Amino acid sequence: MMTESFRIPKMLIGLVLLILVGISLHSCDADQGLGPLESKITGQIAFLSPELRPANVGEVRLAALLQFPPTGLGDIFFSEPLEFRQDTLDYELAIPPDDYISLVLLWRRKGENWSFNSLLGVYGFEPPFLFELKPVSLETSTTVVEDVDLTALWNFASADSKIHGRITYAGTKPENTEVVLLAAFFREPDLDDFASSLLDLGGLPLPVPPSGSGRNYELGVEHDDYRLVGLFWKGVDTPIDQMKLIGYYQLPGGNGEPGIVDAPEGGEVFGIDFVADYSTLPEGVRFP
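This is a predicted model, so every value here is computed, not measured.

Student: Can you help me understand the sheet that holds strand β3 (residues 76–78) in this one?
Tutor: Across a sheet, paired strands are connected by hydrogen bonds in the backbone, their directions being either parallel or antiparallel. With antiparallel pairing, the four strands of this open sheet are ordered in space as β3-β2-β6-β7. Strands at the two margins of the open sheet, each flanked by one partner only, are β3 and β7 (119–122). Strand-to-strand twist across the sheet, computed as the mean angle between neighbouring axes with direction ignored, equals 25°. Sheet analysis places strand β2 (residues 57–65) next to strand β6 (residues 102–109), joined by eight bridges and oriented antiparallel. Bridge assignment links Leu62 to a residue of β6, and that residue is Leu105.

Okay, here's the thing in structure tokens:
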């Protein structure tokens, strides 16, 4: 199971879920063509748990968000590539004057595109227990905001295995659907209190298209045995901790019991197919 120096707080994982609800940057150019800027943010980044840093890290960058969750690339300003092979780093982020609602730290593997699935840190989180979402305001073209310090958690980058499968949809998608997230759990989650099971996630949940005749997926996880691989629904007004399970991988030929998925270290597992049924809402799927 997850190797870490401390437990990642549920509030931080909840923040990650909110970011995932907003947007996934599966393909984007981090260079936004900005000219010379005098307005900027400066601070220090502390990289924790370096033993969990993947060997194939391609880049690490800061991203300043104008909207939370972001609604598109116009809401995001990226830094230049940052040096990540050290314990601490002093940085400068030159961006236009504006009110930024959040500052996040992202990473990507070599040969892969940027994605909010690859989150390392958020301005306002100081382990192990202090968490708040801190905004940053640059009032003029010459404003410099100092001491905007972040903690980078290499714990989030420890996924070293992949689960593949296909989701088949049944029922009618509710009009108030905001997102559906695919997730793998070390233990069966509490279906009446999603938040209580957040620390049992084997990796960051994956936003998937909420409809269609069928959807193939690829989910990055830490190598381990997973007691549930399933799809969770969130409505526009649904709190994160009240997301509902609408489908999960079941034991072949069983009576609805969740199927155990053995995700190998450095490998992949295929055929983890299941049905997601919107007609089970508002309560969602229940275990037998």
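There's plenty left to go through after this.
Student: Help me out: how do you make sense of the pattern of salt bridges in this one?
Tutor: Where charged atoms from two side chains of opposite charge approach closely, those side chains can pair. For the coordinates displayed, the defined rule picks out eight salt bridges. Note that Glu92 is salt-bridged to Lys40, the shortest N-O span being 3.3 Å. Here the residue Glu92 occupies a position in strand β4 (residues 88–94), and Lys40 occupies one in strand β1 (residues 40–48), the gap between them amounting to 52 residues. Of the charged contacts, one joins Asp192 and Arg286 as a salt bridge, the two residues approaching to 3.0 Å between their closest N and O atoms. Highlighted residues: Asp192 in the loop between β14 (177–185) and β15 (206–208) and Arg286 in the segment after β22 (274–277), separated in sequence by 94 residues. Judged by relative accessible area, Arg286 falls into the partly exposed class, the value being 40%. Each member of the salt-bridge network shares a partner with another, and the members are Glu59, Arg61 and Arg108.

Conventions we followed
- Residues numbered from 1 in each chain as written.
- Predicted model: local features only at pLDDT ≥ 70, side-chain atom pairs only at ≥ 80, totals over all residues.
- Heavy atoms only, no water.
- Pairing = 2+ DSSP bridges.
- Helix = DSSP H or I, 4+ residues; strand = E, 2+ residues; numbered from the N terminus.
- Axes fitted to C-alpha atoms, helices over the stretch in contact; angles between N-to-C directions.
- Salt bridge = Lys/Arg side-chain N within 4 Å of Asp/Glu carboxyl O.
- Buried < 20%, exposed > 50% of the residue type's maximum accessible area, 1.4 Å probe, protein only.

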